[in-house]
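As a plain string of letters, each chain reads:
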Amino acid sequence: MTEKRIKRALISVYHKEGLDDILKKLHQEGVSLISTGGTQAFIESLGIPCEAVEDLTGYPSILGGRVKTLHPKVFGGILTRRDSESDRKQTGQYKIPEIDLLIVDLYPFEETVASGADEAAVIEKIDIGGISLIRAAAKNFRDVVIVASRAQYAPLMQLLEEKGAVTGQEERRWFAREAFAVSSAYDSAIFNYFDQGDDSAFRVAINEPKLMRYGENPHQKGIFFGKFEDLFDQLHGKDISYNNLLDIDAALSLIDEFDELTFAVLKHNNACGIASRPTVAEAWKDALAGDPVSAFGGILVANEVIDREVAEEINKIFFEVLIAPDYMTDALEVLAQKKNRIILLRKQNGLQKRQYRSLLNGVLLQDRDVSIQTAADLKPMTLKIPNGRETEDLLFANKLVKHSKSNAITLVKNKQLCASGIGQTSRVDALKQAIEKARSFRFDLNGAVMASDAFFPFADCVEIADNAGITAIVQPGGSINDKLSIEYCDAHGISMVRTGIRHFKH
(Lines give C-alpha, C1' and ligand atoms only; values in the text may rest on other atoms or scores of the structure.)
Protein backbone atom coordinates (compact mmCIF):
# COMPACT_ATOMS: atom_id res chain seq x y z
CA MET A 1 0.00 0.00 0.00
CA THR A 2 1.66 3.25 -1.12
CA GLU A 3 -0.91 5.63 0.37
CA LYS A 4 -0.06 6.47 3.97
CA ARG A 5 -1.98 8.53 6.52
CA ILE A 6 -0.08 10.99 8.69
CA LYS A 7 -1.07 10.33 12.28
CA ARG A 8 1.83 11.78 14.22
CA ALA A 9 4.30 14.55 13.34
CA LEU A 10 7.51 15.76 14.92
CA ILE A 11 8.24 19.47 14.48
CA SER A 12 11.77 20.75 15.15
CA VAL A 13 12.48 24.12 13.54
CA TYR A 14 14.82 27.06 14.06
CA HIS A 15 12.65 29.58 12.21
CA LYS A 16 8.89 29.57 12.85
CA GLU A 17 7.85 31.83 9.97
CA GLY A 18 5.42 30.32 7.50
CA LEU A 19 4.52 27.37 9.70
CA ASP A 20 1.19 28.60 11.16
CA ASP A 21 -1.13 27.40 8.39
CA ILE A 22 0.57 24.00 8.16
CA LEU A 23 0.23 23.41 11.90
CA LYS A 24 -3.41 24.43 11.88
CA LYS A 25 -4.13 22.14 8.93
CA LEU A 26 -2.38 19.20 10.59
CA HIS A 27 -4.39 19.79 13.75
CA GLN A 28 -7.57 20.00 11.72
CA GLU A 29 -6.71 16.63 10.14
CA GLY A 30 -6.30 15.06 13.58
CA VAL A 31 -2.51 14.74 13.45
CA SER A 32 -0.80 14.55 16.87
CA LEU A 33 2.19 16.86 17.25
CA ILE A 34 5.48 16.37 19.10
CA SER A 35 8.05 19.10 19.48
CA THR A 36 10.92 20.62 21.43
CA GLY A 37 11.36 23.73 23.55
CA GLY A 38 10.70 26.93 21.63
CA THR A 39 8.84 25.17 18.82
CA GLN A 40 6.51 23.52 21.33
CA ALA A 41 5.74 26.89 22.91
CA PHE A 42 5.03 28.36 19.46
CA ILE A 43 2.64 25.52 18.57
CA GLU A 44 0.79 25.84 21.85
CA SER A 45 0.53 29.61 21.34
CA LEU A 46 -1.64 28.79 18.32
CA GLY A 47 -4.03 26.87 20.57
CA ILE A 48 -2.81 23.51 19.30
CA PRO A 49 -1.89 20.74 21.79
CA CYS A 50 1.66 19.47 21.50
CA GLU A 51 3.55 16.70 23.30
CA ALA A 52 7.04 17.55 24.50
CA VAL A 53 9.87 15.38 23.18
CA GLU A 54 11.08 15.12 26.76
CA ASP A 55 7.80 13.44 27.74
CA LEU A 56 8.21 10.95 24.90
CA THR A 57 11.83 10.08 25.67
CA GLY A 58 11.78 10.43 29.44
CA TYR A 59 14.94 12.55 29.20
CA PRO A 60 15.30 16.33 29.40
CA SER A 61 17.14 18.46 26.87
CA ILE A 62 20.77 18.32 28.02
CA LEU A 63 24.19 19.78 27.31
CA GLY A 64 22.82 23.24 26.63
CA GLY A 65 20.32 21.93 24.08
CA ARG A 66 22.88 19.88 22.13
CA VAL A 67 20.96 16.67 22.87
CA LYS A 68 17.18 16.77 22.57
CA THR A 69 15.90 14.35 19.93
CA LEU A 70 18.79 11.87 19.78
CA HIS A 71 16.93 8.99 21.41
CA PRO A 72 15.65 5.52 20.34
CA LYS A 73 12.05 6.54 21.02
CA VAL A 74 12.40 9.31 18.43
CA PHE A 75 14.54 7.58 15.81
CA GLY A 76 12.84 4.23 16.34
CA GLY A 77 9.52 5.90 15.55
CA ILE A 78 10.95 7.37 12.37
CA LEU A 79 12.93 4.39 11.10
CA THR A 80 10.50 1.59 11.88
CA ARG A 81 9.35 -0.20 8.72
CA ARG A 82 5.59 -0.41 8.86
CA ASP A 83 5.49 -3.62 6.84
CA SER A 84 8.06 -5.40 9.03
CA GLU A 85 6.62 -7.70 11.66
CA SER A 86 9.94 -7.68 13.51
CA ASP A 87 10.05 -3.85 13.60
CA ARG A 88 6.45 -3.66 14.83
CA LYS A 89 7.19 -6.18 17.56
CA GLN A 90 10.17 -4.15 18.80
CA THR A 91 8.38 -0.79 18.72
CA GLY A 92 5.53 -2.38 20.64
CA GLN A 93 7.89 -3.90 23.17
CA TYR A 94 9.64 -0.57 23.85
CA LYS A 95 6.48 1.56 23.51
CA ILE A 96 7.86 3.54 20.55
CA PRO A 97 5.16 5.49 18.68
CA GLU A 98 5.38 5.73 14.90
CA ILE A 99 6.24 9.18 13.54
CA ASP A 100 4.86 9.78 10.04
CA LEU A 101 5.90 13.37 9.30
CA LEU A 102 8.94 15.44 10.24
CA ILE A 103 9.28 19.17 9.70
CA VAL A 104 12.85 20.29 10.32
CA ASP A 105 14.59 23.63 9.82
CA LEU A 106 18.33 23.42 10.41
CA TYR A 107 20.44 25.86 12.40
CA PRO A 108 21.59 28.70 10.09
CA PHE A 109 25.21 27.63 9.71
CA GLU A 110 26.03 29.49 6.48
CA GLU A 111 24.33 32.66 7.67
CA THR A 112 26.36 32.55 10.87
CA VAL A 113 29.62 32.15 8.95
CA ALA A 114 28.65 35.01 6.62
CA SER A 115 27.92 37.26 9.60
CA GLY A 116 31.56 37.11 10.65
CA ALA A 117 30.78 35.41 13.95
CA ASP A 118 33.66 33.86 15.90
CA GLU A 119 34.41 30.17 15.62
CA ALA A 120 32.67 29.22 18.86
CA ALA A 121 29.40 30.72 17.58
CA VAL A 122 29.84 29.06 14.19
CA ILE A 123 30.43 25.63 15.72
CA GLU A 124 27.28 25.92 17.83
CA LYS A 125 25.31 26.38 14.63
CA ILE A 126 26.32 22.95 13.32
CA ASP A 127 23.04 21.11 13.61
CA ILE A 128 23.32 17.54 14.89
CA GLY A 129 19.84 16.42 15.87
CA GLY A 130 18.15 18.12 12.92
CA ILE A 131 20.42 16.66 10.26
CA SER A 132 20.06 13.21 11.84
CA LEU A 133 16.27 13.51 11.79
CA ILE A 134 16.35 14.52 8.13
CA ARG A 135 18.51 11.59 7.06
CA ALA A 136 16.52 9.07 9.07
CA ALA A 137 13.16 10.23 7.73
CA ALA A 138 14.45 10.47 4.14
CA LYS A 139 15.87 6.95 4.35
CA ASN A 140 12.47 5.64 5.44
CA PHE A 141 10.53 7.57 2.78
CA ARG A 142 8.36 4.53 2.10
CA ASP A 143 6.58 5.32 5.34
CA VAL A 144 7.60 8.84 6.38
CA VAL A 145 7.30 12.36 4.95
CA ILE A 146 10.28 14.64 5.55
CA VAL A 147 10.10 18.41 5.12
CA ALA A 148 13.72 19.52 5.46
CA SER A 149 13.52 23.27 4.88
CA ARG A 150 11.15 26.19 4.59
CA ALA A 151 11.40 25.83 0.79
CA GLN A 152 9.22 22.71 1.09
CA TYR A 153 6.48 24.35 3.20
CA ALA A 154 4.48 25.36 0.15
CA PRO A 155 4.50 21.87 -1.47
CA LEU A 156 3.51 20.32 1.86
CA MET A 157 0.65 22.77 2.30
CA GLN A 158 -0.55 22.10 -1.22
CA LEU A 159 -0.47 18.36 -0.53
CA LEU A 160 -2.45 18.77 2.70
CA GLU A 161 -5.05 20.91 0.98
CA GLU A 162 -5.47 18.49 -1.92
CA LYS A 163 -5.36 15.15 -0.10
CA GLY A 164 -5.61 15.88 3.60
CA ALA A 165 -3.17 13.98 5.82
CA VAL A 166 -2.58 11.29 3.20
CA THR A 167 0.54 10.89 1.04
CA GLY A 168 1.62 8.63 -1.82
CA GLN A 169 5.02 7.00 -2.20
CA GLU A 170 6.09 9.21 -5.12
CA GLU A 171 5.28 12.30 -3.07
CA ARG A 172 7.26 10.99 -0.12
CA ARG A 173 10.14 10.09 -2.42
CA TRP A 174 10.14 13.64 -3.81
CA PHE A 175 10.36 15.10 -0.30
CA ALA A 176 13.17 12.62 0.49
CA ARG A 177 15.12 13.76 -2.58
CA GLU A 178 14.77 17.39 -1.51
CA ALA A 179 15.83 16.42 2.01
CA PHE A 180 19.05 14.79 0.86
CA ALA A 181 19.75 17.90 -1.25
CA VAL A 182 19.41 19.99 1.92
CA SER A 183 21.58 17.70 4.03
CA SER A 184 24.33 17.35 1.40
CA ALA A 185 24.47 21.12 0.87
CA TYR A 186 24.60 21.68 4.62
CA ASP A 187 27.49 19.23 5.03
CA SER A 188 29.32 20.78 2.07
CA ALA A 189 29.11 24.21 3.71
CA ILE A 190 30.49 22.81 6.95
CA PHE A 191 33.31 21.02 5.14
CA ASN A 192 34.27 24.16 3.20
CA TYR A 193 34.36 26.14 6.44
CA PHE A 194 36.77 23.66 8.00
CA ASP A 195 38.78 23.25 4.79
CA GLN A 196 39.64 26.98 4.89
CA GLY A 197 40.50 27.08 1.18
CA ASP A 198 43.00 24.21 1.33
CA ASP A 199 41.11 22.43 -1.48
CA SER A 200 41.57 19.02 0.11
CA ALA A 201 38.37 17.99 -1.70
CA PHE A 202 35.93 19.57 -4.14
CA ARG A 203 32.53 20.26 -2.59
CA VAL A 204 29.98 22.59 -4.18
CA ALA A 205 26.24 22.46 -3.56
CA ILE A 206 23.73 24.79 -5.21
CA ASN A 207 20.02 24.16 -4.71
CA GLU A 208 18.45 26.47 -7.29
CA PRO A 209 18.20 24.74 -10.69
CA LYS A 210 16.80 26.60 -13.69
CA LEU A 211 16.16 24.55 -16.82
CA MET A 212 17.32 26.35 -19.95
CA ARG A 213 15.50 26.02 -23.27
CA TYR A 214 18.58 24.04 -24.31
CA GLY A 215 22.33 24.03 -23.78
CA GLU A 216 24.96 25.51 -26.04
CA ASN A 217 23.13 23.94 -28.99
CA PRO A 218 19.49 22.86 -29.38
CA HIS A 219 20.32 19.15 -29.11
CA GLN A 220 22.00 19.65 -25.70
CA LYS A 221 20.27 19.87 -22.32
CA GLY A 222 21.17 22.94 -20.28
CA ILE A 223 20.57 23.84 -16.61
CA PHE A 224 21.77 26.83 -14.60
CA PHE A 225 22.30 26.34 -10.88
CA GLY A 226 22.38 29.61 -8.99
CA LYS A 227 20.45 32.66 -7.83
CA PHE A 228 20.48 34.82 -10.93
CA GLU A 229 17.93 37.14 -9.30
CA ASP A 230 20.48 38.06 -6.61
CA LEU A 231 22.54 39.82 -9.29
CA PHE A 232 19.87 41.12 -11.65
CA ASP A 233 16.31 42.23 -12.08
CA GLN A 234 15.09 41.21 -15.52
CA LEU A 235 12.99 44.18 -16.61
CA HIS A 236 11.99 42.91 -20.03
CA GLY A 237 12.43 40.16 -22.58
CA LYS A 238 12.42 36.44 -23.20
CA ASP A 239 13.86 33.68 -21.03
CA ILE A 240 17.62 33.84 -20.74
CA SER A 241 19.48 31.10 -22.60
CA TYR A 242 22.59 29.07 -21.81
CA ASN A 243 24.66 31.11 -24.26
CA ASN A 244 23.20 34.36 -22.91
CA LEU A 245 24.51 33.41 -19.46
CA LEU A 246 28.00 32.77 -20.79
CA ASP A 247 28.00 36.17 -22.48
CA ILE A 248 26.53 37.92 -19.43
CA ASP A 249 29.30 36.51 -17.24
CA ALA A 250 31.92 37.66 -19.74
CA ALA A 251 30.30 41.10 -19.96
CA LEU A 252 30.37 41.62 -16.20
CA SER A 253 33.95 40.40 -15.90
CA LEU A 254 35.00 42.94 -18.53
CA ILE A 255 33.01 45.98 -17.42
CA ASP A 256 34.13 45.55 -13.81
CA GLU A 257 37.68 46.39 -14.93
CA PHE A 258 36.68 50.01 -15.60
CA ASP A 259 36.10 52.83 -13.13
CA GLU A 260 35.44 55.52 -15.73
CA LEU A 261 32.26 55.59 -17.81
CA THR A 262 32.49 52.70 -20.28
CA PHE A 263 30.23 50.94 -22.77
CA ALA A 264 31.05 47.52 -24.26
CA VAL A 265 29.62 45.23 -26.91
CA LEU A 266 30.41 41.51 -26.69
CA LYS A 267 29.88 38.56 -28.99
CA HIS A 268 30.65 34.97 -28.04
CA ASN A 269 32.31 36.09 -24.78
CA ASN A 270 34.72 38.53 -26.47
CA ALA A 271 34.55 42.30 -26.79
CA CYS A 272 33.94 43.43 -30.35
CA GLY A 273 33.61 47.08 -29.33
CA ILE A 274 34.33 49.10 -26.19
CA ALA A 275 35.08 52.72 -25.36
CA SER A 276 35.49 54.93 -22.31
CA ARG A 277 34.04 58.41 -22.77
CA PRO A 278 32.65 61.37 -20.75
CA THR A 279 29.03 60.51 -21.63
CA VAL A 280 27.07 57.29 -22.21
CA ALA A 281 26.04 58.49 -25.68
CA GLU A 282 29.66 59.00 -26.75
CA ALA A 283 30.75 55.70 -25.21
CA TRP A 284 27.97 53.81 -27.03
CA LYS A 285 28.75 55.51 -30.36
CA ASP A 286 32.44 54.63 -30.20
CA ALA A 287 31.88 51.13 -28.81
CA LEU A 288 29.55 50.35 -31.72
CA ALA A 289 32.08 51.76 -34.19
CA GLY A 290 34.57 49.09 -33.10
CA ASP A 291 32.64 46.47 -35.06
CA PRO A 292 29.08 47.40 -36.09
CA VAL A 293 28.77 44.09 -37.95
CA SER A 294 29.52 41.83 -34.98
CA ALA A 295 27.36 44.00 -32.73
CA PHE A 296 24.32 42.45 -34.43
CA GLY A 297 22.83 40.04 -31.87
CA GLY A 298 25.43 41.06 -29.28
CA ILE A 299 25.48 41.63 -25.54
CA LEU A 300 25.63 45.27 -24.48
CA VAL A 301 26.89 46.39 -21.09
CA ALA A 302 27.41 49.79 -19.51
CA ASN A 303 28.50 50.96 -16.07
CA GLU A 304 26.26 54.04 -16.11
CA VAL A 305 22.54 54.82 -16.28
CA ILE A 306 20.89 54.47 -19.69
CA ASP A 307 18.85 57.54 -20.67
CA ARG A 308 16.36 58.04 -23.49
CA GLU A 309 18.91 59.54 -25.88
CA VAL A 310 21.12 56.47 -25.65
CA ALA A 311 18.14 54.11 -25.70
CA GLU A 312 16.97 55.56 -29.00
CA GLU A 313 20.40 54.98 -30.54
CA ILE A 314 20.64 51.43 -29.16
CA ASN A 315 17.13 50.78 -30.42
CA LYS A 316 18.40 51.05 -33.99
CA ILE A 317 20.20 47.69 -33.84
CA PHE A 318 19.26 44.13 -32.98
CA PHE A 319 20.82 42.92 -29.74
CA GLU A 320 20.22 40.04 -27.34
CA VAL A 321 20.93 41.51 -23.89
CA LEU A 322 21.49 44.95 -22.37
CA ILE A 323 22.98 45.29 -18.87
CA ALA A 324 23.20 48.52 -16.90
CA PRO A 325 23.07 49.68 -13.27
CA ASP A 326 19.83 51.60 -13.95
CA TYR A 327 17.53 52.96 -16.66
CA MET A 328 15.49 56.11 -16.99
CA THR A 329 11.78 55.34 -17.27
CA ASP A 330 11.47 56.84 -20.74
CA ALA A 331 14.53 54.85 -21.84
CA LEU A 332 12.80 51.61 -20.87
CA GLU A 333 9.76 52.62 -22.89
CA VAL A 334 11.98 52.79 -25.96
CA LEU A 335 13.92 49.61 -25.26
CA ALA A 336 10.78 47.58 -24.57
CA GLN A 337 9.51 48.12 -28.13
CA LYS A 338 11.02 44.74 -29.10
CA LYS A 339 9.45 42.02 -26.95
CA ASN A 340 12.34 39.55 -26.92
CA ARG A 341 15.12 41.91 -25.87
CA ILE A 342 16.52 40.98 -22.49
CA ILE A 343 16.92 44.10 -20.34
CA LEU A 344 18.82 43.50 -17.11
CA LEU A 345 19.27 45.85 -14.19
CA ARG A 346 22.38 44.92 -12.29
CA LYS A 347 21.79 44.95 -8.54
CA GLN A 348 25.18 44.10 -7.10
CA ASN A 349 28.65 42.87 -7.81
CA GLY A 350 28.66 39.17 -7.08
CA LEU A 351 30.93 37.27 -9.42
CA GLN A 352 32.44 34.21 -7.81
CA LYS A 353 36.06 34.43 -6.76
CA ARG A 354 36.77 30.94 -8.06
CA GLN A 355 36.05 29.24 -11.35
CA TYR A 356 35.66 25.57 -12.18
CA ARG A 357 34.86 23.47 -15.21
CA SER A 358 34.36 19.77 -15.79
CA LEU A 359 36.74 17.94 -18.09
CA LEU A 360 38.00 14.42 -18.63
CA ASN A 361 36.94 12.54 -15.50
CA GLY A 362 37.28 15.42 -13.08
CA VAL A 363 36.99 19.12 -12.37
CA LEU A 364 39.46 21.97 -12.87
CA LEU A 365 39.43 24.69 -10.21
CA GLN A 366 41.19 28.04 -10.29
CA ASP A 367 41.02 31.52 -8.81
CA ARG A 368 39.29 34.06 -11.02
CA ASP A 369 41.81 36.33 -12.75
CA VAL A 370 41.26 39.54 -10.78
CA SER A 371 44.74 40.97 -11.38
CA ILE A 372 44.41 44.54 -12.67
CA GLN A 373 47.56 46.32 -13.79
CA THR A 374 48.11 50.02 -13.11
CA ALA A 375 50.64 52.49 -14.48
CA ALA A 376 53.02 51.50 -11.68
CA ASP A 377 53.01 47.91 -12.99
CA LEU A 378 54.20 48.91 -16.48
CA LYS A 379 57.94 48.28 -16.48
CA PRO A 380 59.84 49.85 -19.42
CA MET A 381 61.70 47.39 -21.64
CA THR A 382 62.85 49.87 -24.27
CA LEU A 383 64.74 53.15 -24.50
CA LYS A 384 61.58 54.99 -25.47
CA ILE A 385 58.99 55.42 -22.69
CA PRO A 386 55.24 55.61 -23.43
CA ASN A 387 53.77 59.12 -23.11
CA GLY A 388 50.72 59.86 -20.96
CA ARG A 389 48.11 59.14 -23.65
CA GLU A 390 49.86 55.93 -24.69
CA THR A 391 50.06 54.77 -21.08
CA GLU A 392 46.30 55.18 -20.64
CA ASP A 393 45.68 53.28 -23.85
CA LEU A 394 48.12 50.52 -22.88
CA LEU A 395 46.25 49.96 -19.61
CA PHE A 396 42.95 49.99 -21.51
CA ALA A 397 44.24 47.49 -24.08
CA ASN A 398 45.68 45.25 -21.38
CA LYS A 399 42.28 45.01 -19.66
CA LEU A 400 40.70 44.01 -22.95
CA VAL A 401 43.26 41.38 -23.88
CA LYS A 402 42.82 39.83 -20.43
CA HIS A 403 39.19 39.11 -21.33
CA SER A 404 39.82 37.90 -24.89
CA LYS A 405 40.22 34.28 -25.93
CA SER A 406 43.86 33.27 -26.41
CA ASN A 407 45.92 33.77 -28.42
CA ALA A 408 44.80 37.37 -28.27
CA ILE A 409 45.94 40.79 -29.46
CA THR A 410 44.08 44.06 -28.89
CA LEU A 411 44.64 47.36 -30.69
CA VAL A 412 43.52 50.52 -28.92
CA LYS A 413 43.58 54.24 -29.62
CA ASN A 414 42.14 56.98 -27.41
CA LYS A 415 40.47 54.45 -25.07
CA GLN A 416 38.61 52.81 -27.90
CA LEU A 417 39.02 49.29 -29.19
CA CYS A 418 40.08 49.51 -32.82
CA ALA A 419 40.14 45.74 -33.27
CA SER A 420 41.20 42.52 -31.66
CA GLY A 421 42.55 39.23 -32.91
CA ILE A 422 41.20 36.40 -30.76
CA GLY A 423 41.30 32.65 -30.43
CA GLN A 424 44.15 32.15 -32.88
CA THR A 425 46.66 29.33 -32.75
CA SER A 426 49.41 31.80 -33.65
CA ARG A 427 50.05 35.20 -32.05
CA VAL A 428 51.13 36.45 -35.48
CA ASP A 429 47.77 35.39 -36.91
CA ALA A 430 45.96 37.13 -34.04
CA LEU A 431 47.81 40.37 -34.80
CA LYS A 432 47.20 40.13 -38.54
CA GLN A 433 43.52 39.48 -37.88
CA ALA A 434 43.30 42.57 -35.66
CA ILE A 435 45.08 44.82 -38.17
CA GLU A 436 42.96 43.65 -41.07
CA LYS A 437 39.76 44.12 -39.06
CA ALA A 438 40.74 47.60 -37.89
CA ARG A 439 41.44 48.67 -41.44
CA SER A 440 38.17 47.22 -42.69
CA PHE A 441 36.36 49.60 -40.31
CA ARG A 442 38.63 52.50 -41.40
CA PHE A 443 40.55 52.94 -38.14
CA ASP A 444 43.78 54.88 -38.40
CA LEU A 445 46.30 52.77 -36.46
CA ASN A 446 49.01 55.39 -36.56
CA GLY A 447 49.68 56.15 -32.89
CA ALA A 448 47.62 53.19 -31.67
CA VAL A 449 48.89 50.77 -29.01
CA MET A 450 48.96 46.98 -28.85
CA ALA A 451 48.44 44.53 -25.98
CA SER A 452 49.30 40.84 -26.02
CA ASP A 453 48.01 38.28 -23.51
CA ALA A 454 51.39 36.49 -23.50
CA PHE A 455 55.01 37.17 -24.41
CA PHE A 456 56.43 37.42 -27.93
CA PRO A 457 58.67 34.44 -28.68
CA PHE A 458 60.15 36.29 -31.66
CA ALA A 459 60.35 39.84 -33.02
CA ASP A 460 57.88 39.19 -35.85
CA CYS A 461 54.87 40.61 -34.00
CA VAL A 462 56.52 43.89 -33.07
CA GLU A 463 57.71 44.30 -36.65
CA ILE A 464 54.20 43.73 -38.04
CA ALA A 465 52.79 46.14 -35.46
CA ASP A 466 55.37 48.77 -36.35
CA ASN A 467 54.51 48.53 -40.04
CA ALA A 468 50.84 49.05 -39.15
CA GLY A 469 51.58 52.29 -37.23
CA ILE A 470 51.61 50.96 -33.64
CA THR A 471 53.79 53.13 -31.38
CA ALA A 472 53.54 51.44 -27.98
CA ILE A 473 53.23 47.83 -26.82
CA VAL A 474 52.34 46.10 -23.55
CA GLN A 475 53.07 42.43 -22.93
CA PRO A 476 53.83 40.17 -19.95
CA GLY A 477 57.46 39.67 -20.93
CA GLY A 478 59.47 36.62 -19.92
CA SER A 479 60.45 35.11 -23.25
CA ILE A 480 64.03 33.90 -23.65
CA ASN A 481 63.91 35.96 -26.85
CA ASP A 482 62.66 39.20 -25.28
CA LYS A 483 65.94 40.74 -26.40
CA LEU A 484 64.96 40.35 -30.08
CA SER A 485 61.72 42.31 -29.65
CA ILE A 486 63.45 44.94 -27.51
CA GLU A 487 66.18 45.47 -30.09
CA TYR A 488 63.65 45.90 -32.87
CA CYS A 489 61.63 48.41 -30.84
CA ASP A 490 64.73 50.42 -29.93
CA ALA A 491 65.81 50.51 -33.55
CA HIS A 492 62.42 51.76 -34.72
CA GLY A 493 61.39 54.14 -31.95
CA ILE A 494 58.66 51.99 -30.38
CA SER A 495 58.06 51.95 -26.66
CA MET A 496 57.38 48.59 -25.01
CA VAL A 497 56.52 47.80 -21.41
CA ARG A 498 56.07 44.54 -19.54
CA THR A 499 53.62 43.70 -16.76
CA GLY A 500 55.01 40.38 -15.58
CA ILE A 501 51.43 39.01 -15.59
CA ARG A 502 50.20 36.66 -18.29
CA HIS A 503 46.47 36.67 -19.11
CA PHE A 504 45.73 33.47 -20.98
CA LYS A 505 42.04 32.72 -21.41
CA HIS A 506 40.88 29.38 -22.79
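Note that the structure is predicted; figures quoted are calculated from it, not measured.

**Student:** In this structure, what is going on with the pairing of strand 12 (residues 270-276)? I would like to understand it.
**Tutor:** Within strand 12, seven of the seven residues are buried, which leaves it mostly tucked inside the rest of the structure. Note: strand 11 (residues 262-267) against strand 12, six bridges, orientation antiparallel. By the bridge assignment, Thr262 is partnered in strand 12 with Ser276. The loop that links strand 11 with its antiparallel partner strand 12 comprises two residues; one of these, His268, has a positive phi angle of about 50°.

**Student:** Is there a simple way to explain the pattern of salt bridges in this structure?
**Tutor:** Once their charged atoms are close, side chains differing in charge can pair, the charge on each being opposite to the other. Taken as a whole, this structure holds 26 salt bridges when the rule is applied. Salt-bridge contacts for Lys163 lead to Glu171; the nearest nitrogen and oxygen are separated by 3.1 Å. Residue Glu171 is classed as partly exposed on the basis of its relative accessible area of 26%. The salt bridge involving Lys402 is made with Glu257; its shortest N-O contact spans 2.6 Å. In this pair, Lys402 sits in helix 16 (residues 388-402) while Glu257 sits in the loop between helix 12 (242-255) and strand 11, placing the two residues 145 residues apart along the sequence.

**Student:** When you look at the layout of surface pockets in this model, what are you seeing that I'm missing?
**Tutor:** A water-sized probe rolled over the atoms picks out the places where empty space is left. Roughly 440 Å³ of volume is contained in the second largest pocket. Along the walls of the second largest pocket sit 25 residues, with Gly65, Arg66, Lys68, Tyr107 and Asp127 positioned nearest its centre. Of all elements in the fold, only strand 2 (8-13), helix 2 (37-45), strand 5 (101-105), helix 7 (119-124) and helix 8 (129-139) reach the threshold of two or more residues within the lining of the second largest pocket. In terms of residues, the lining of the second largest pocket owes the most to one element, helix 2, which gives three residues. A per-class count over the lining of the second largest pocket returns nine nonpolar, 10 polar and six charged.

**Student:** Before we go on, may I ask you to explain the packing of aromatic side chains in this structure?
**Tutor:** We describe a pair of aromatic rings using the distance from one ring centre to the other and the angle between the two ring planes. Applying the stated rule across the entire model yields 10 aromatic pairs. A ring pair is formed by Trp174 and Phe175, whose centres lie 5.0 Å apart and whose planes are at 85°; its orientation type is edge-to-face. Overall, Phe175 belongs to the buried group, its relative accessible area being 3%. Geometrically, the ring pair formed by Phe258 and Phe396 is tilted, given 5.2 Å between the ring centres and 55° between the ring planes. Highlighted residues: Phe258 in the loop between helix 12 and strand 11 and Phe396 in helix 16, separated in sequence by 138 residues. In this structure, Phe258 and Phe396 share a single accessibility class: buried. Ring pairs connect the aromatic residues Phe109, Tyr186, Tyr193 and Phe194, which therefore count as one cluster.

**Student:** Please explain unusual backbone geometry as it appears in this structure.
**Tutor:** The bulk of non-glycine residues show a negative phi, and the bulk of peptide bonds are trans. Put simply, Ser406 and Asn407 share a cis peptide bond, and its omega is -10°. Mapped onto the fold, Asn407 is located in the loop between helix 16 and strand 19 (409-412). Phi is positive for Asp199, which is not a glycine, with a value near 55°. Structurally, Asp199 is set in the loop between helix 10 (169-195) and strand 8 (209-211). Its identity is not glycine, yet Lys415 carries a phi of approximately 55°, on the positive side. Structurally, Lys415 can be placed in the loop between strand 19 and strand 20 (417-421).

**Student:** Mind showing me how you'd approach a negative patch on the surface here?
**Tutor:** Together, Asp307, Glu309, Asp330 and Glu333 make up a negatively charged patch on the protein surface. Secondary-structure assignment places Asp330 in helix 15 (residues 329-335). A relative accessible area of 30% means that Asp330 is categorised as partly exposed.

Rules of the game
- Residues numbered from 1 in each chain as written.
- Predicted model: local features only at pLDDT ≥ 70, side-chain atom pairs only at ≥ 80, totals over all residues.
- Heavy atoms only, no water.
- Buried < 20%, exposed > 50% of the residue type's maximum accessible area, 1.4 Å probe, protein only.
- Helix = DSSP H or I, 4+ residues; strand = E, 2+ residues; numbered from the N terminus.
- Pairing = 2+ DSSP bridges.
- Salt bridge = Lys/Arg side-chain N within 4 Å of Asp/Glu carboxyl O.
- 1 Å grid on protein atoms, 1.4 Å probe; cavity = no way out; pocket = protein on both sides within 12 Å on 5 of 7 lines; lining within 4 Å.
- Points joined across faces, edges and corners; volume = space filled by probe spheres on them.
- Nonpolar A, V, L, I, M, F, W, Y, C, P; charged D, E, K, R; others polar.
- Phe/Tyr/Trp six-rings, centres within 6.5 Å; stacked < 30°, edge-to-face > 60°.
- Patch = residues over 30% accessible without salt bridge, like charges linked within 9 Å, V, L, I, M, F, W, Y side chains within 5 Å.
- Areas by Shrake-Rupley, 256 points an atom, 1.4 Å probe, with all protein chains shown as cover.
- Lys, Arg positive; Asp, Glu negative; His and termini not counted.
- Charge placed at Lys NZ, Arg CZ, Asp CG, Glu CD.

So, to be careful, I would describe these as geometric facts and stop short of saying anything about function.
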